[in-house]
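The primary structure of each chain is shown beneath.
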Amino acid sequence: VQLQASGGGLVQAGGSLRLSCAASGRTFSSYTVGWFRQAPGKEREFVAAIRWSGGSTRHADSVKGRFSISRDNAKNTVYLQMSSLKPEDTAVYYCAAAQGLIYSDFDKRSRYYYWGQGTLVTVSS
């Protein structure tokens, strides 16, 4: 599976962006797709994930109520809608995919084995 993340950019605090993660090579139908982010000098951290089959989602506490993960079956694409952005949301955002994840593993970076190239989100104050 090849993952292509897009949609990053520069936005003012309080603004919104929508990130996309498109898959090629095969469909997402049996996968869990997650978003992670990495700020300069920090570890890569979990943001949100969605199980394609059934649509179960999980969001990090730091983004609950502001970010929302969703999927489009027809486009084989996962979205991360980000609203009320804060400067601390500035990071490179990566999408990742894996099969067979249980819900409690959605936030575990080591469980994902397909990764996209990342898209930079910069939130100015």
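In what follows, the structure referred to is the one given above.
Read on for an overview of the structure. None of the values given here were measured: they were computed from a predicted structure.

### Some points on the overall build of the chain
- Helix and strand content of the chain: zero helices and 11 strands.
- Starting at the N terminus, the α and β elements of the chain follow one another as β-β-β-β-β-β-β-β-β-β-β.
- The C-alpha radius of gyration computed for the chain amounts to 13 Å, which stays within 12% of the reference 14 Å derived for 125 residues, consistent with globular compactness.
- C-alpha atoms of the chain, sized along the principal axes, occupy 40 × 25 × 25 Å.
- Within the chain, the proportion of its 125 residues that are buried is 44%.
- The contacts of the chain with a sequence gap of at least 6 include a subset with a gap of at least 24, amounting to 58%.
- Total accessible area on the chain is roughly 6100 Å²; 45% of this is exposed by carbon and sulfur atoms.
- Within the chain, the 8 negative side-chain charges are centred at a point lying 5 Å from the centre of the 15 positive side-chain charges.

### Considerations on unusual backbone geometry
- In the Ramachandran plot, Asn-76 falls in the positive-phi region, its phi being about 50 degrees despite a non-glycine side chain.
- Within the secondary structure, Asn-76 sits in the loop between β7 (67-72) and β8 (77-82).
- A positive phi is found at Ser-84, a non-glycine position, where the angle reads about 50 degrees.

### Looking at the side chain of Thr-32
- Tracing the sequence through the fold places Thr-32 in strand β4 (residues 31-38).
- According to the relative accessible area criterion, Thr-32 is buried, its value standing at 2%.
- Beyond its immediate sequence surroundings of up to four residues, Thr-32 is in contact with Ala-49, Ile-50, Arg-51, Ala-96, Ala-97, Ala-98, Leu-101, Phe-106 and Tyr-112.

Criteria and cut-off values
- Residues numbered from 1 in each chain as written.
- Predicted model: local features only at pLDDT ≥ 70, side-chain atom pairs only at ≥ 80, totals over all residues.
- Heavy atoms only, no water.
- Helix = DSSP H or I, 4+ residues; strand = E, 2+ residues; numbered from the N terminus.
- Rg over C-alpha atoms; globule rule 2.2 N^0.38 Å.
- Buried < 20%, exposed > 50% of the residue type's maximum accessible area, 1.4 Å probe, protein only.
- Contact = heavy atoms within 4.5 Å.
- Areas by Shrake-Rupley, 256 points an atom, 1.4 Å probe, with all protein chains shown as cover.
- Lys, Arg positive; Asp, Glu negative; His and termini not counted.
- Charge placed at Lys NZ, Arg CZ, Asp CG, Glu CD.

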